[in-house]
Amino acid sequence: MKRLLYFFLVLLCAACQEKPAQKQPDDTTDARANTNLVSLEREQLLRLELGLYEVSRETLRYEIKIPADVFASPTREAFVGSSIAGRVQKIFVSENDVVKKGDKLAVLESATIANLVAELIESASAFKVADADYRRKQKIATENILSEKVMLESESARRIAEAKLFAAEAKCLGAGLSKEDIEKIKAKPDSAVSSVVIRANLSGIVAKRFITLGEYVEPNKPLFHLVSLDEVMLVGNVFEPEFGKVRAGQSVEVYVGAFHSERFTGKIHSVGAVVNETTHALPVRVLLRNPEHKLKPSMHAEMRITVQSREPELLVPSRAIGIDGEEKFVFVQKSDTLFEARKIKIKEETKEFAVVAEGLREGEKIATKNVFFLKSQWKASQFAED
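Scoring rules and cut-offs
Think of each chain on its own: its residues are numbered from 1, step by step along the sequence as written. Local features in this predicted model are restricted to residues of pLDDT 70 or higher, and side-chain atom pairs are both shown and tallied only at a pLDDT of 80 or more, whereas totals for entire chains, interfaces and linings draw on every residue. Hydrogens and waters are ignored; side-chain quantities use all the structure's heavy atoms. Pairing between two strands is assigned when DSSP locates at least 2 bridges connecting them. The way it works is that DSSP assigns letters per residue, a run of H or I at least four long becomes a helix, a run of E at least two long becomes a strand, and they are numbered from the N terminus. To define axes, lines are fitted to C-alpha atoms, for helices over the stretch in contact only, and angles between the resulting N-to-C directions are given on a 0 to 180 degree scale. Whether two residues are in contact is decided by their heavy atoms, any of which lying within 4.5 Å being enough. The method works on a 1 Å grid over the protein atoms by themselves. A cavity is a set of points holding a 1.4 Å probe that cannot get out, a pocket is an open set with protein on both sides within 12 Å along at least five of seven lines, and residues with an atom within 4 Å of a point line them. Grid points are joined across faces, edges and corners, and a volume is the space filled by probe spheres set on the points. Amino acid classes used here: Ala, Val, Leu, Ile, Met, Phe, Trp, Tyr, Cys and Pro are nonpolar; Asp, Glu, Lys and Arg are charged; the rest, including Gly, are polar.

Glancing now at the sheet that holds strand β4 (residues 61-72). Pairing in this closed barrel of six strands is antiparallel, and the strands run β4-β13-β16-β15-β14-β17 around the ring. On average, each strand axis in the sheet is inclined to that of its neighbour by 40°, with strand direction left out of account. Sheet topology note: the strand β14 (residues 251-256)/strand β17 (residues 300-308) ladder contains four bridges and is antiparallel. Each residue of the ladder has a partner; that of E253, found in β17, is R304.

And the structure:
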């Protein structure tokens, strides 16, 4: 009996000295310990599609879309006028007519032209006399018959007459007479000229005619507006976030509502240097070749500029980013069923991707779908802890 009692006491002591087995931590325990962790049941994972994305460094490429309007190219349009007053005697063109440089547009009858032509004829005649006298005396001077004083006076008279002729020709050119007209007048000084032909100063289309037959026009009034559509200019506005991403020389794709299935290509001609005080935008100008004249001034268009980062960046899909107050976060997968709500700092963000400056490492996986559900689970666990 004593032996049985002793054996029983030995067993009891051994049982008391055994250490209890340690409970292995599971994801639920981790989630309770860290309020930024979200633990999901495997059944939930089967129902949810989280769209796991592995964070990597890539070149960021995206499009900047800029609304724009079509204008005539500044070097391909002209307003044609007259520097003298006169009455419209003839009109040779109508609006939308195609003209070439030098074509006749209209004829103005003007007393000013008659006076200038008279001055030209007088100056040409005086120069002809002075030139003939100088040449005759120059020939005689070789025989030492004339004094040096007489020769100098003749040469001076010729130069003065030549200067007056040059001034008269310049006035006629300024009034609209061509060099051919001036030479004809000098060749036939008895011809009566009192009108001037208004000619096209570039090849293009008559966009606007501002005169009617018989109308009296004042100096410098626009008579015609000529436009060449072989090249057009697009003007749009780029706003502050894109100031440093747009520069002259970049390639641009252009889409116009009237030709929505057609793509036009060109390059940025210039980016404005001064910000508009009202819109806080910079004007962007693009030159486009337009051989078929499809693009017309005042049409609306959209410029699309492809921008890319200079070096690979840490990219995440924009849809993966959640917002908590003023902070942004993503859900990083810690294990099959465990996700961490981690705050991140964004360097740059587009519609599709964001460049992460802090908070993530290359190779980590994040959820890109059902982010709102994960956020609700996260917030619910925080509320439960409170």
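Here the focus is the side chain of S110. Tracing the sequence through the fold places S110 in the loop between β8 (104-109) and α4 (111-141). Residue contacts for S110: discarding those within four places in its chain leaves I84, A85, G86 and S194.

Note: strand β1 (residues 37-39) against strand β21 (residues 338-349), three bridges, orientation antiparallel. Along β21, the bridge assignment pairs S39 with L338. Pairing analysis gives six bridges linking strand β20 (residues 327-333) to β21, with the strands arranged antiparallel. Note that in β21 the partner of Q333 across the bridge is F339. Between β20 and the antiparallel strand that follows it, β21, lie four residues. With four bridges connecting them, β21 and strand β22 (residues 353-358) associate as antiparallel partners. Its bridge partner being in β22, K345 is matched across the sheet by E358.

The full count for this structure, using the stated rule, is one cavity of 30 Å³ or more. Of the pockets and cavities examined, the largest cavity occupies roughly 40 Å³. If you go around the largest cavity, the residues you meet are D324, E327, K328, F329, K343 and W378. Class assignment for the residues of the lining of the largest cavity results in two nonpolar, no polar and four charged.

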